[in-house]
Every structure is written in C-alpha cells, then in structure tokens.
Amino acid sequence: MQVQTPIQIFCSYARNDEVWCQELEAHLSMSIRQGLFTFWHQRLISPGENRQQVVDAHLETANIILLFISADFLASEYCYSTEMQRALERHQKNEARVIPILTRDVDWEQAPFARLSVLPTNATPLALWENKDVALAQIAASLRHMIENAAADTSQEICPYKGLSPYREEDADVFFGREAYLQDLLDHLREERRFLLVLGPHSSGKTSLIHAGLIPQLRHHGLPGVTCADIVTYSPCKPLLETWLTLPVFDGARTLLEGLIRWRKSHPLPARLIFVVDALEELFHCADEAERRQFVEHLIEIIQSDLATLLLVMRDDYYSDLATYETLIRCLETHISNIPRLTSEMVRAIIQEPVRRSELIIEQSLINTIVDDTMSTQAEPRRRRVHRHSSALPLLSYTLTQMFQRREDGELKAHVYRDLGGISGSLAGWATQTYSALSSRQKSLTRRIFTDLIALGDERSGVLDRKQERFLSTLCRNEQEHPLIREVVEQLARAHLLEVQFDAVQQDVRVGMIHEALLHEWPLLQDWIREGHAYLVWHQRFLEQVERWNQLCLRMPEEVAREALLRESELVVAQDWYHQCEAEWTKQECLFLDASKKEREQQQARQQAFQLAEQEKQNLFAQRLALQALLLQEQR
C-alpha cells in the first residue's frame, strides 16, 4: 500500500523576499487546504526550536524546493552556499526538484541553477510585473499542474526514515515503536493534567516521541474534559528570558500570569493551553543562576495556577541539577516518567511498520539481522554501553535512511547494509570516508573544529561529553585562516556531519555537530579527545575565564575586570600551554593571557616598590637608632 503523503514544498529566500513567499502561499491556499501539498518556510519555526535542525529536516525531506532569487539571495552566504547547494545536490540525485522563482531583477544567468526552468515562465521577475497577482497565479498554477502530474511518482520517493533529524509533528504517520509508552504518558496526563516531567538518556528519541507521538495524540484526542486548543513548544536558548517571554501566548502581557489569564479569557473552557518545554537541560548552559531561578519560578507559577498543562522533557543525567530547585521538584517528584529502554519489539516496529505502509521491500531475515545488531549494543560492557545504548536510535535511523537512498528497485538490500558497516559502523564509516577525502591541512583543521565543538563532561559524576555550538568566527585562530575554516565547515555541513545556522543578531554563523551520536560513535573523534584530553579539559575552563573577563570589561570598571584575570599559579599553567599550543590560540585568548601577564608584572612591580619602601623605612629607622646611640655616647 502506498503512503498517501502530501507533496512537501520547501521555500528558500532572503529576508527581503519573505513577502513574495507569503504572497505565493496565499495563492496556493486552496491546494494546501485540499491536502495536495505542504508549504514550509522559516516563519513556521517555533520560538526556542533548534532553527538549523528544523530547517535541515525540512530541506532533506522536501520534494520540491523553491529558490526565491534576488540580489539578496545570491549575496546571502547561507542561502547561496548552504541551502541552495544542498538543494541542487538533491536535485542532481533526483531526490527533489528545484525551481528558481525570480523575485527581483538580478544577473542570474551564470548561477549554478541557470540551466533549470525558472518561474514565472517568461523569466520576468515578480517585482517587474504590473499586476503581480497575475504572475503569482501563474506560478501557483504551474506548481499545481506539476504536483498533480508527479504526485504518484513522487510519493514513492519519500523516505519514511528521518536519518539524524528528529521526527516532527508532520511525521506522525511514520513514527512507530513507542505506542505503549505513549499510552502511559497519556494516562499520566489524564491522572494529573497540570504537569509531567519526561526523562530519558541523551539521543533516546525524546524530541521525536513528544513531537511526532504525544502532540498529535493531544491535538486529535485531547484529554478528558479538555479541548487542546493551543500547544506551545519551547526549548531554552539565549537570551533565556527574552525568548521565553516573547512567545506568542505572552504577547503584550507584562507578566507570565497576565499572559495565561488573557489566554484563558479568550479561550473559554473546555479549551486548555499546553506548554511543552523540550531539551530542558539547555537551561543549565544558556543562562546564569539568576536567570535560571526566574525561569524556574515561571514554571512553578504555571503549575500552581492550573491555567495550563506543563510538559517538561529533559536528559536524565541533568536531574541532579534540576533537583537543586526544591520547590519545583516537590511539585514534580510524583509525576516523573522515564523513557523505557529499547526492546527488540520496538526496534522491529521502527524498521517494519514504515515499510508496510509504503511500496518498499525488505526481507524478514534482514530485519532480524538489524534488530539483533541494534540490541547487541546492550550486551556490551557497562562502560561502553552507557555511551552506546542511547545512540542506538539515531544510528538505526541513520542506517535505514542510507539504505533507503541506496535501494534497488524499491528494495532495501542486505549487501548495502553490510557495505555500510551495519548499525554501529554506518555513521562512523561515513564520517571517516568524508575525513579521508580532505587534504592534510583540511584534516588538521577538521580535528580542531570537532574538538572545539565538544563540551567535556565529568565521568566521575556521570556527566557525559556533549556537543556544543560555537560561532564560526571563534573557530578561526586568526583572520587569515577564516576562508579555509569556512570552506572546511561548508564541506562538513554538506556531508551532514555539521549543522550551520546564521545568527542575525550576532551577524555570525553558528556551527555544531549534527548529532551527539557522532561524538560517541566515531572512533577517530574519540581518539582526538583521548589524545588531547588534558589540554581540552584545561582549555574549556580557560575559555570560561576569557568569556567572564570579556563580559566584565564591557560592563564593569577596570578594577573589577582585573579580578577575573589569571592568578600566579593559573598564569604559570596558561603560559606553559601557550608555549605548547601557540598556533591553537585565538587573538582574544592571547589578549587575556597578555593582560594577565601585565597585571602580574604590575603586581610584582608594586610589591617590589613596597618592599623597597619598607626597606628604606627600616634603613632610616636604623640610621636614627645609630645616630641616637652616638649622641648618647658623646653625652657620656
């Protein structure tokens, strides 16, 4: 049986062309209502969501990709070098169809997409049309005609697996394996509709479970006596309180409680607001203690007001951090749900059910092999199992996606699975293959980039290493290497090992690892961490000191900022590491070290001056005593 899925359209545009995307969406509204296709653009990203992750997920699964071409689009590093390049790669592989839409006059005939058919059909940019509705109607009709003719064929090409991307709400029809646990969550919420804390290991599918599993259930079936009129999702991010209080539900309200009361007044019973705070562990990385306490007070206020349902989702290794907020924990402690470990039945459903709902073919023996390989990670020694068990889901999803892309006549083949290296080897094999194709200079920079993107944990306290984002500019040690760093980052992003996102506020590109499974499953990366562990641990603390000094320099008097400089023993260690790793240091790190050295020299100079002054005082005192003794002797 064939999956009856709407054709997915992805829109790529520069900010100044957003209006054309909105206008086209209006012209296509009837087809959208008919379920002919979905129309996705960046304005649909919810506040607090990982922007790059969401964009990548839609870009990778889109059947049609619209490029809104203008001078701003061609000048945008992100639109041109990231979204367009990936779109054209998928077009070249017949995975998607790319359609350039000319919005404003620009010289585009030498662009990489110049050989593709453009819209409007006469190649006249939308801005030059006297009646723009005529042009937009023509584009809408062309898209509709194209989709109607190609819908059956294209729907067969939709991959039912998500690779390293999380399942979203629109993927509910291909999300399987957690049905029993989803029922447990619904039972919890029926028992206590005010709140629930969901805990699970890193990479255990928490986001997919909530977005593709629980949220669709709540939308369609609600809770007893409740109509779920509004579900708001949020993930903690910088700046914490600003992004939280600018959620649409709080629009115009001076306080959180005022926003909740306004919502209740405009949505009479049995409607209910549901807050989903995903990746709550990010609270401990994106805010200081004062901001965290204020945010936690907001969560408590939601619970105690009973004006909304609060669903918190967090990595279980951060529970001890959350437990320091005793009032919140007292509210939650009897309503905590732990995501169960994978079972062979769950794994089988993840593989088999999407196949049953499509025209794909996979032999039962191959399913058995994949299930056994996935479950075998739990039979390893505990030290490795802690790291590998929770990576099983993303590795399984990644392997199945790779097998789909290499399918033969609609069949997922055993020899492809073997060539990929099975469950444990597929991602690591691809990462190593990508790395091996780089030049020696690029390999050196790749090692440095990846180790820069790791926040080391503490094995003694059970805190695992985790991926972290860095700005592209901070990955560069000097201005001269910026073009090469950018080139390497772009290559790794195109290979889906890194994710990139332009930050309009900082005017810089955020860079991060595509998934923590890479951190725990790629032997080469683990070797880099092990070989440089002493320096990486020290350097992580050193960077925190540099950042604190920078912030104090911006906000505080000079004498206060001096307090953040390195002390004598710290300075000795820092100078030793500098002599060993000078080429690895950024300009800002060198400035901090120089400022610390200068402060130490000034302290030594002040101390020496003080000692000289004291010595002078002692000499004068001694001279006076000697003179007095001489006078007494003469008097006698």
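Let us look at the structure shown here. (Residues numbered from 1 in each chain as written. Predicted model: local features only at pLDDT ≥ 70, side-chain atom pairs only at ≥ 80, totals over all residues. Heavy atoms only, no water.)

A separate point is the overall build of the protein. Secondary structure summary: the protein contains 28 helices and 16 strands in total. Principal axes of the C-alpha set define a box for the protein whose edges measure 125 × 65 × 55 Å. Burial analysis of the protein (636 residues in total) assigns 49% to the buried set. By sequence separation, contacts in the protein at least 24 residues apart represent 72% of the contacts at least 6 residues apart. For the protein, the exposed area adds up to about 31,300 Å²; of that, 49% sits on carbon and sulfur atoms. Put simply, the protein has 69 plus and 91 minus side-chain charges, and the middle of one group is 3 Å from the middle of the other. (Helix = DSSP H or I, 4+ residues; strand = E, 2+ residues; numbered from the N terminus. Buried < 20%, exposed > 50% of the residue type's maximum accessible area, 1.4 Å probe, protein only. Contact = heavy atoms within 4.5 Å. Areas by Shrake-Rupley, 256 points an atom, 1.4 Å probe, with all protein chains shown as cover. Lys, Arg positive; Asp, Glu negative; His and termini not counted. Charge placed at Lys NZ, Arg CZ, Asp CG, Glu CD.)

For the structure shown, the criterion picks out two cavities of 30 Å³ or more. As for the largest cavity, its lining consists of Glu 77, Tyr 78, Thr 82, Leu 472, Arg 486, Val 489, Glu 490, Ala 493, Val 500 and Val 509. Of all elements in the fold, only helix H5 (77-92) and helix H22 (482-494) reach the threshold of two or more residues within the lining of the largest cavity. Counting residues per element, the lining of the largest cavity draws most heavily on H22, at four residues. Residue composition of the lining of the largest cavity, by class: six nonpolar, one polar and three charged. In this structure, the second largest cavity is lined by Gln 8, Ala 57, His 58, Thr 61, Lys 162, Arg 168, Glu 170 and Asp 171. At three residues, helix H3 (residues 51-61) tops the list of elements feeding residues into the lining of the second largest cavity. Its residues assigned to classes, the lining of the second largest cavity comprises one nonpolar, three polar and four charged. (1 Å grid on protein atoms, 1.4 Å probe; cavity = no way out; pocket = protein on both sides within 12 Å on 5 of 7 lines; lining within 4 Å. Points joined across faces, edges and corners; volume = space filled by probe spheres on them. Nonpolar A, V, L, I, M, F, W, Y, C, P; charged D, E, K, R; others polar.)

This part takes up the sheet that holds strand E4 (residues 97-102). Reading across from one edge, E2-E1-E3-E4 is the order of the four strands in this open sheet, with parallel pairing throughout. Among the strands making up the open sheet, the edge pair consists of strand E2 (37-40) and E4. If you compare each strand with its neighbour and ignore which way they point, the axes differ by 20° on average. As paired elements, strand E1 (residues 7-12) and strand E3 (residues 64-69) share four bridges and run parallel to each other. Paired with Ser 12 across the two strands is Leu 67, which belongs to E3. Across the sheet, helix H1 (residues 18-27) touches E1, E2, E3 and E4, and the angle it forms with E3 is around 135°. Along the sheet, H3 makes contact with E1, E2 and E3, crossing E1 at roughly 125°. (Pairing = 2+ DSSP bridges. Axes fitted to C-alpha atoms, helices over the stretch in contact; angles between N-to-C directions.)

Burial analysis of strand E8 (residues 308-315) places eight of its eight residues in the buried class, the great majority of the element. Alternating positions in E8 separate into two faces, Ala 308, Leu 310, Leu 312 and Met 314 on one and Thr 309, Leu 311, Val 313 and Arg 315 on the other, with burial throughout. When strand E5 (residues 195-200) meets E8, the two strands line up parallel, connected through six bridges. Bridge assignment links Leu 196 to a residue of E8, and that residue is Leu 311. Here strand E7 (residues 271-277) runs beside E8; their pairing, made up of five bridges, is parallel. Along E8, the bridge assignment pairs Phe 275 with Leu 310. For the handedness criterion, the β-α-β arrangement of E7, helix H11 (residues 289-305) and E8 is classed as right-handed. (Right-handed = clockwise from strand over helix to strand, strands pointing away.)

What follows concerns the nonpolar core. Formed by 109 residues in total, the largest nonpolar core has its most connected members in Ile 351, Ile 370 and Phe 450. Tallying contributions element by element places helix H17 (residues 392-405) first for this core, with eight residues. Among the nonpolar cores identified, the runner-up in size contains 41 residues, and Leu 197, Leu 247, Leu 273 and Tyr 318 belong to it. (Core = buried A, V, L, I, M, F, W, Y, C linked by side-chain atoms within 4.5 Å.)

Glancing now at helix H25 (residues 533-555). In a regular helix each residue adds 1.5 Å, so 23 residues correspond to 33 Å; H25 covers 33 Å between its end C-alpha atoms and thus fits that length. Turning to H25, its buried residues number three or more, namely Tyr 535, Leu 536, Trp 538, His 539, Phe 542, Val 546, Trp 549, Asn 550 and Leu 552. (Expected span 1.5 Å × (residues − 1).)

The next point concerns the pairing of E1. Burial within E1 is extensive, with six of its six residues counted as buried. Burial along E1 is two-sided: Ile 7, Ile 9 and Cys 11 facing one way and Gln 8, Phe 10 and Ser 12 facing the other are all buried. Pairing geometry for E1 and E2, over four bridges, is parallel. Counterpart to Ile 7 in the pairing with E2 is Phe 37.

Here the amide bond leading from Leu 119 into Pro 120 is cis, since omega sits at -5°, within 30 degrees of zero. Positioned with a positive phi, Ala 279 is a non-glycine residue whose angle comes to about 55°. By secondary structure assignment, the location of Ala 279 is in the loop between E7 and H11. We note that Asp 306 has phi near 55°; this positive angle belongs to a residue other than glycine. Locating Asp 306 in the fold gives a position in the loop between H11 and E8.

Turning to the packing of aromatic side chains, a few remarks are in order. Counted by the stated rule, this structure contains 19 aromatic pairs. Judged by centre distance (5.5 Å) and plane angle (65°), the ring pair of Tyr 167 and Phe 175 falls under edge-to-face. The exposure class assigned to Tyr 167 is buried, which follows from its relative accessible area of 10%. On the accessibility criterion, Phe 175 (12% relative accessible area) is buried. Its guanidinium or amino end placed over the ring of Phe 404, Arg 407 lies 3.9 Å from that ring's centre, counting from NZ or CZ. Above the ring of Tyr 435, the side-chain terminus of Lys 443 is found at 5.6 Å from the ring centroid. (Phe/Tyr/Trp six-rings, centres within 6.5 Å; stacked < 30°, edge-to-face > 60°. Lys NZ or Arg CZ within 6 Å of the ring centre and 35° of its normal.)

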